Amino acid sequence: MRAGSCGSLLRWLAKRSYGCAQQRDTVFAVSSGHGKCGVAVIRTSGPASATALRRLTGRDELPRPRAVALRRIRDPGSAEPLDRGLVVWFPGPHSFTGEDCAELHVHGGPAVVSGVLQALGRLPGLRPAEPGEFTKRAFQNGKLDLTEAEGLGDLIHAETEAQRRQALRQMEGELGQLYQRWSQELTQALAYIEAFIDFSEDDNVEEDVLTRVDTAVAQLDRELRGHLQDGRRGERLRGGVHVVIAGPPNAGKSSLLNLLCQRPAAIVSPVPGTTRDVVETTLNVGGYPVVLSDTAGLRDARDPVEQEGVSRARDSCGDPLVGSPSLTQTRHRLHLTSCLDALGRYHRGRAGDLVLAAEELRLARRHLGRITGQVGAEDILDIVFRDFCIGKKAVFKGTRSTTGLGWSLLGAPGEEPSLPQYRAAQSIGVTVGRPRVQPLGPSGKAEGPAREAQVHGMYMGMSGGGEGHLCSRVWTRLVNPVLG
Amino acid sequence: MSPPRLLSLRLPPPWSRRAGSDAAARYDVVVIGGGHAGTEAAAAAARGGARTLLVTHKIDTIGQMSCNPSFGGIGKGHLMREVDALDGLCARLCDRSGVHYKMLNRRKGPAVWGLRAQVDRKLYKENMQKEILNTPFLTVHEGSVEDLLLKEPESEHPGKCQVSGVLLGDGSKVHAGSVILTTGTFLRGMVLIGLEKHPAGRLGDQSSTGLAQTLEKLGFAVGRLKTGTPPRLAKDTIDFSILARQWADSHPVPFSFLSETVWIKPEDQLSCYLTYTNPKVEKIIHDNLYLNNHVKETTKGPRYCPSLESKVLRFPNRIHQLWLEPEGLDSNIIYPQGMSMTLPPELQEQVITCIQGLEKAKMVQPGYGVQYDFLDPRQLTASLESRLVQRLFFAGQINGTTGYEEAAAQGIIAGINACLRVCGKPPFTISRTEGYIGVLIDDLTTLGTSEPYRMFTSRVEFRAFLRPDNADSRLTPRGFEETGCVSRQRYERTSQIKAAIEEGVAVLKSLQLPPSKWSSLIPEIVISSSRSSPVRAFDILQYPEVNMELLARIFPESLGKLAEWRELAERLKIEVVYKLCTSNQQQEMEEVRRDEALRLPENLDYFTINASLSQEMREKLDSNRPQTIGAVSRIPGITPAAILNLLRFVKTNRQRTGGIKVPFRTGRSLPERNTDVLGKSEFQSSNLSRAF
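Residues numbered from 1 in each chain as written. Chains lettered and ligands numbered in written order. Predicted model: local features only at pLDDT ≥ 70, side-chain atom pairs only at ≥ 80, totals over all residues. Heavy atoms only, no water.

- Per an unreviewed UniProt entry, chain B goes by the name 5-taurinomethyluridine-[tRNA] synthase subunit MTO1, mitochondrial and belongs to Alligator mississippiensis.
- Regarding chain B, the UniProt comment filed under Sequence similarities (unreviewed entry) reads as follows: "Belongs to the MnmG family."
- The annotation that UniProt attaches to chain B under Subunit (unreviewed entry) is "Homodimer; forms a dimer in the presence of potassium. Interacts with GTPBP3; forms the GTPBP3-MTO1 complex composed of homodimers of GTPBP3 and MTO1." (UniProt positions renumbered as here; feature names shortened; annotations may be inferred.)

In structure tokens, the structure reads:
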């Protein structure tokens, strides 16, 4: 088990050779939001944090650990005062990342922030953090497991109450604990079967251990199934329900959008081709997020601006695999499904070759381990940490769903995961690092899974007809499953 | 292509006889100890062309089976097949000395079939001595080794000195290119019966203390382990008629790839008998614990081959199996497996006579316990050479293992490498992805051990691929090409069957029929009716009900010949059954191999390197001294972050300098510790779950 675990981590590392000498670097970044604000928090992590704090405060002694101190902050080169603010010193390992950390709470004016950042950047051994690097270091130093890290990311990006509740639970490790418990149960079952293989004949390991393994596996199978058949509530909540309004020109797409969000978010007019760009609006429906995208009507447009709009509409509808914010949750589903598949093969193969059956249990356990990061995999880590873009750029907001979650909502409520969803998830899962972009075919239509996604859901919503009717139809299919 | 033999060493061929005192005082390889590790080591070195001297206390004890009268078992049978694939001795000799052959785990899949045999002690010893005394380039000397001869180290290797020979008990010196220590339990060996204890390796043998002192002075970390052996019973005093009889296999499967059959006629084989303990046994043991030093002490014994006393203490109110095993065709001794104990002899007799079938049994020799020093195997490299003293190799029980097979497996690797070392060739190591031997040695040298280490199939990550049936195709070609210790005859045989299997698989893949046709031809199998495309014979052979014979009746022209070659037919079937699983594991195996290829510098000083590692990690790395990044990942408690940081450090240094320039340890090569600290809590125990 362990052999695999670290192997993949290493491979992941080896691929990124630039990462080699970086662990010893000290990184810094603005940890609060961008733009003018009252207070901005600038954080550093790494061995040079203490020096940085000393140089910027111009004092040799550090503040008491984890206590706030008021200091004048100066440019260490010119000694020019930059600001006066609060500083906090977190010596490792009792810090968020496990390394020495420092926080500077300065006034949030752009000039102050950039002055401090520049001053930090000029210090030896310091460099700006990569997106998600603080969390990555926390993970590498054993401060978080992967699901907790994901939870943290979600918490930061939570826009609604319900999202926040879910993210907080996950960050505090509840999901990880559940997966860990399963993993332990599987280990126990595996230990029995291994004991039966290695000992039974001349030692006192009786045949009934196999029955116990079977019982344990069956129980696990049921629990996993139950967990997976949650109607994708967690994933929907996390990613928001993404709905693309598509259809022929002048069918009333923008009017529908305006009606749903109860404000004139999109310009409407009787002239076909009014909407040229994708207009996105986030709705908060009882604490649940719904992202509506209005698109240009699908027609053979002449106007270049409109042409671009149409092509963007096609992109929106046709490429469920582009971008990747909610991928991490699909990751859980994929591994759980693979785990479940392996358990199924165990049951079917039990009567035959016991070694092959045991192999399935080993495999099932590896899949569970991958969710929490016990068994690392380069692509998982890449994806998880790439999605941490805290304080650097808002990647989460307004991006399209790539999990295919939005699509199924337009199908019949309560349906099993649709083929395109499954495919979409699958193709993301097997792609290492980057999701594959599904190109539009020569006919201008998306092909493969993307086309299926279109056929399955996208065009169902808008085929012309009365707004009110459509509105209620979309509403029932859209929001009810989420709220239910 | 002929194997690279050591031509310069060919003359004069010292056909092995007892070496007199006038024996040439210079050998390429000196092996100390004539047990299962020593014999394999000496024979392997000699096969490789090295002039080899085997030093043993008594020529008469060469090849002695000092404990159980059996070879093989689950996991152990795998090791024997691999030793055989490298042209080792034990498998061939067992095919000539067994009296009861039985394949264990028959119902559990060919990957874990355990070849096992009751072996005639006398015959085995005779056969082994014949073999050893007739091996070209191999000389045997009867005597003791008092000390090692040491000189300045070679600068390009780690180690604070270099062994250059041995000092024999008679005061004479023997110079050697490399030395292999296979002294088993003889290092400060202590035999215990009841409250008595006396120094000895085995009952009736001397223990070697001079050598132990030298090793200690050199700074080798030592631990202490214990083991035991049951009393022996007189066969003619046992009432077998009331006991369950276990028959041997009617078609014995030979251990060696070279043996067509075993020597004994199936019907002439002896049987084993099964009896059980009872509450009376338990009471005697409980009442007399105060008379039992061996059990009371805290030295680590094996969990899986425990003494009767520890079974009773750990699992009270249960009945335990006792196997009555024959010791040989004309032997009147029965070995009661599972009855290992160290009570005073008269109490052992009491225990025996209250067991069913043994009411009138006579005890021929009492059971006894042995406590002994072993060397922390983490001081060795994967070629079993010590890091501390160059050219000094260790193999067998001295490294903390138990079992003849584990000893033989280490012996052959040490022998091959001692020989390669002399001719300045790169070491021959086996990866975890290549064989059980690789797993055994990697576990030992990376993790050490806290109890006598025994091979299990669950320790092996790629169990579906590392099977007893394909050990030859995994190891023989490498052994032949890289070491020269494998005969051409064996190499050719392996190449032939390997090619035949590949061809067979290709033929099976080419033969296709529609599913309906298959169903009518083989009504026993259920083919998914949704399939309309033709199904390959290859896929059909995966069904448990199908074998090559059956397929040959359907395709007589294409498969008839293949099915007639019985060994091939059986191996094809096994190959096909595991094909899917093993090809799915290829990527994972590749990962392990790549991690194993990322070597760490031998003498890296983990306490001073400039890498982001906690003190705890540094200590773990320092005490385990992993040789590769792959090995680091198997040390319990090492975090992924520590591995990443270490890898970063290594890679950075390599990039900067083109080679790793880091602080190396000098002089002080291993952590200074109390000799008896090891073997206790400080050792990392390798547990079952680790291998999954």
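**Observations concerning the domain arrangement of chain B**
Part 1 of the argument: For chain B, the domain assignment lists domain 1 (26–67 + 132–228 + 372–461), domain 2 (232–367), domain 3 (488–594) and domain 4 (598–654).
Part 2 of the argument: Taking the mean C-alpha position of each, domain 2 of chain B and domain 4 of chain B sit 46 Å from one another. (Domains from an automatic or database assignment.)

**Concerning the pattern of salt bridges**
Pairs may arise between side chains of opposite charge once their charged atoms sit close together.
Part 1 of the argument: Considering all chains together, one arrives at 48 salt bridges over all chains under this definition.
Part 2 of the argument: Between R92(B) and E131(B) there is a salt bridge, and its shortest N-O distance comes to 3.4 Å. Here the residue R92(B) occupies a position in helix α3 (residues 90–97), and E131(B) occupies one in helix α4 (residues 121–133), the gap between them amounting to 39 residues.
Part 3 of the argument: The closest approach of N and O atoms between E325(B) and R116(B), which form a salt bridge, is 3.3 Å. Of the two residues, E325(B) is situated in strand β16 (residues 321–326) and R116(B) in strand β5 (residues 114–119); the sequence distance between them amounts to 209 residues. Considered together, E325(B) and R116(B) belong to a single accessibility category, that of buried residues.
Part 4 of the argument: Salt bridges here are not isolated pairs; linked through shared partners, they connect D25(A), E99(A), R127(A), E133(A) and R137(A). (Salt bridge = Lys/Arg side-chain N within 4 Å of Asp/Glu carboxyl O. Helix = DSSP H or I, 4+ residues; strand = E, 2+ residues; numbered from the N terminus. Buried < 20%, exposed > 50% of the residue type's maximum accessible area, 1.4 Å probe, protein only.)

**Focus on the environment of Q129(B)**
All names here are of chain B.
Part 1 of the argument: Along the chain, Q129 falls in helix α4.
Part 2 of the argument: According to the relative accessible area criterion, Q129 is buried, its value standing at 15%.
Part 3 of the argument: For the pair Q129 and G34, spaced 95 residues apart in sequence, the C-alpha to C-alpha distance is 9.8 Å.
Part 4 of the argument: If we skip the residues at most four places from it in the chain, Q129 touches I59, D60, T61 and I62.
Part 5 of the argument: A polar side-chain atom of Q129 sits 2.9 Å from the main-chain carbonyl oxygen of D60. (Contact = heavy atoms within 4.5 Å. Polar contact = N/O pair within 3.5 Å; in protein donor to acceptor, adjacent residues only side chain to side chain.)

**Observations regarding the sheet that holds strand β2 (residues 37–45) of chain A**
Across a sheet, strands are paired by hydrogen bonds formed along the backbone, either parallel or antiparallel in direction.
Residues and elements named next belong to chain A.
Part 1 of the argument: With mixed pairing, the six strands of this open sheet are ordered in space as β3-β4-β5-β2-β1-β6. Each of the sheet's edge strands pairs with one partner strand only, and the pair in question is β3 (68–74) and β6 (126–128). Each strand axis lies, on average, 30° off the axis of its neighbour in the sheet, ignoring direction.
Part 2 of the argument: Here five bridges tie strand β4 (residues 81–90) to strand β5 (residues 101–108), and the two strands are oriented antiparallel to one another. Within the sheet, the bridge partner assigned to W89 lies in β5 and is A102.
Part 3 of the argument: Sitting on the sheet, helix α4 (residues 133–140) touches β1 (26–30), β2 and β6, and the angle it makes with β1 is about 135°. (Pairing = 2+ DSSP bridges. Axes fitted to C-alpha atoms, helices over the stretch in contact; angles between N-to-C directions.)

**Details of the confidence of the model for chain A**
All names here are of chain A.
Part 1 of the argument: On average, chain A scores 65 in pLDDT, and the residues at 70 or more come to 52%.
Part 2 of the argument: The model gives residues 313–328 a pLDDT under 50, and that stretch makes 64 contacts with residues more than four places away or in other chains.
Part 3 of the argument: In this model residues 375–484 is a low-confidence stretch, pLDDT under 50, and it forms 225 contacts with partners more than four residues away in sequence or in other chains. (pLDDT = per-residue confidence, 0-100.)

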